[in-house]
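Inside the fold
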Amino acid sequence: MREMNRLKRLKRLSTTILQGLIALALLLLPTVGQTATISITPPLSTVGLGDIFSVNVHVAGAVDLTSWQFDLKYNPLLLQAESVTEGPFMSSFGTTLFQPGVIDHSTGEISLVTNAFVDFTPLPNGDGELAIVHFKALGLGVSPLELRNLFLNLDSNVTATNGSVSVVPIPGTALLMSSGMLLLWGIGQWRTRTGAVV
């Protein structure tokens, strides 16, 4: 009977120690999503109609970053997503598995852009570019760039700062067109006065 009580106490003690170790391990897990922010940089871009340009998806305050994911929503009447490439932040620490996601031109959404760090420590820490998104400006106006479904280390509690792109007429277009028209008018006037055939 004594032996039985001793075994029960030992079992309770080992269970308590195991629970304590599990709780300690959970407390020590990275909490990157609680302190890190993901943002579009620059937050406001102004581009000309027809321009091909890029925006960055930037992380600030990353701690032991092992994986991330985002979707990006934009106005498909104003912008066309061309491609998504890996930014230098995670790959500067070692080997990664980058996935550029799926571009849906009809809805204006890039889905499931992901990356995972698959190398030895040290894990990525700090600030840097996670991805670079390349666009073409199709129409005049302002398109929001909205980050959605964000995850850092499988934590969805991430602060996001969205951006926007303003597509404007190319400044030199009107000047170039009016100069060309003036030149043609001048040639016509010269031909009329001199009777020259060109």
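See the structure printed just above.
Residues numbered from 1 in each chain as written. Predicted model: local features only at pLDDT ≥ 70, side-chain atom pairs only at ≥ 80, totals over all residues. Heavy atoms only, no water.

Turning our eyes to something else, we now look at the overall build of the protein. Across its full length, the protein holds four helices and 12 strands. Each of the 198 residues in the protein was classed as buried or not, and the buried ones make up 30%. When the accessible surface of the protein is split by element, carbon and sulfur atoms take 64% of a total near 12100 Å². (Helix = DSSP H or I, 4+ residues; strand = E, 2+ residues; numbered from the N terminus. Buried < 20%, exposed > 50% of the residue type's maximum accessible area, 1.4 Å probe, protein only. Areas by Shrake-Rupley, 256 points an atom, 1.4 Å probe, with all protein chains shown as cover.)

All right, on to the pattern of salt bridges then. Throughout the structure, instances matching the rule amount to one salt bridge. One salt bridge connects Glu-146 with Arg-148, and the closest N-O pair in it is separated by 3.2 Å. Judged by relative accessible area, Glu-146 falls into the partly exposed class, the value being 32%. Judged by relative accessible area, Arg-148 falls into the partly exposed class, the value being 29%. (Salt bridge = Lys/Arg side-chain N within 4 Å of Asp/Glu carboxyl O.)

Mapped onto the elements of the fold, Leu-138 is located in the loop between β9 (126–137) and β10 (141–152). Between the C-alpha atoms of Leu-138 and Asp-51, which are 87 residues apart in sequence, the distance is 8.3 Å. Those residues in contact with Leu-138 that sit more than four places away from it in its chain are Leu-49, Pro-76, Leu-77, Leu-78, Leu-79 and Gln-80. (Contact = heavy atoms within 4.5 Å.)

Bringing the side chain of His-58 into the picture now. With respect to the helices, strands and loops of the structure, His-58 is situated in strand β3 (residues 52–62). A polar contact is formed between the side chain of His-58 and the backbone oxygen of Gly-128, at a distance of 3.4 Å. In this structure the side chain of His-58 is engaged in a polar contact, spanning 2.9 Å, whose partner is the side chain of Glu-129. What His-58 contacts, discounting residues up to four positions off in sequence, is Thr-37, Ile-38, Ser-39, Thr-41, Asp-127, Gly-128 and Glu-129. (Polar contact = N/O pair within 3.5 Å; in protein donor to acceptor, adjacent residues only side chain to side chain.)

What follows deals with the packing of aromatic side chains. Inspection of every chain in the model, using the stated rule, returns five aromatic pairs. Judged by centre distance (5.7 Å) and plane angle (25°), the rings of Phe-53 and Phe-135 are stacked. Of this pair, Phe-53 sits in strand β3 while Phe-135 is found in strand β9, placing the two residues 82 residues apart along the sequence. Overall, the relative accessible area of 0% leaves Phe-135 in the buried class. (Phe/Tyr/Trp six-rings, centres within 6.5 Å; stacked < 30°, edge-to-face > 60°.)

Any link to function would need more than the numbers given here.
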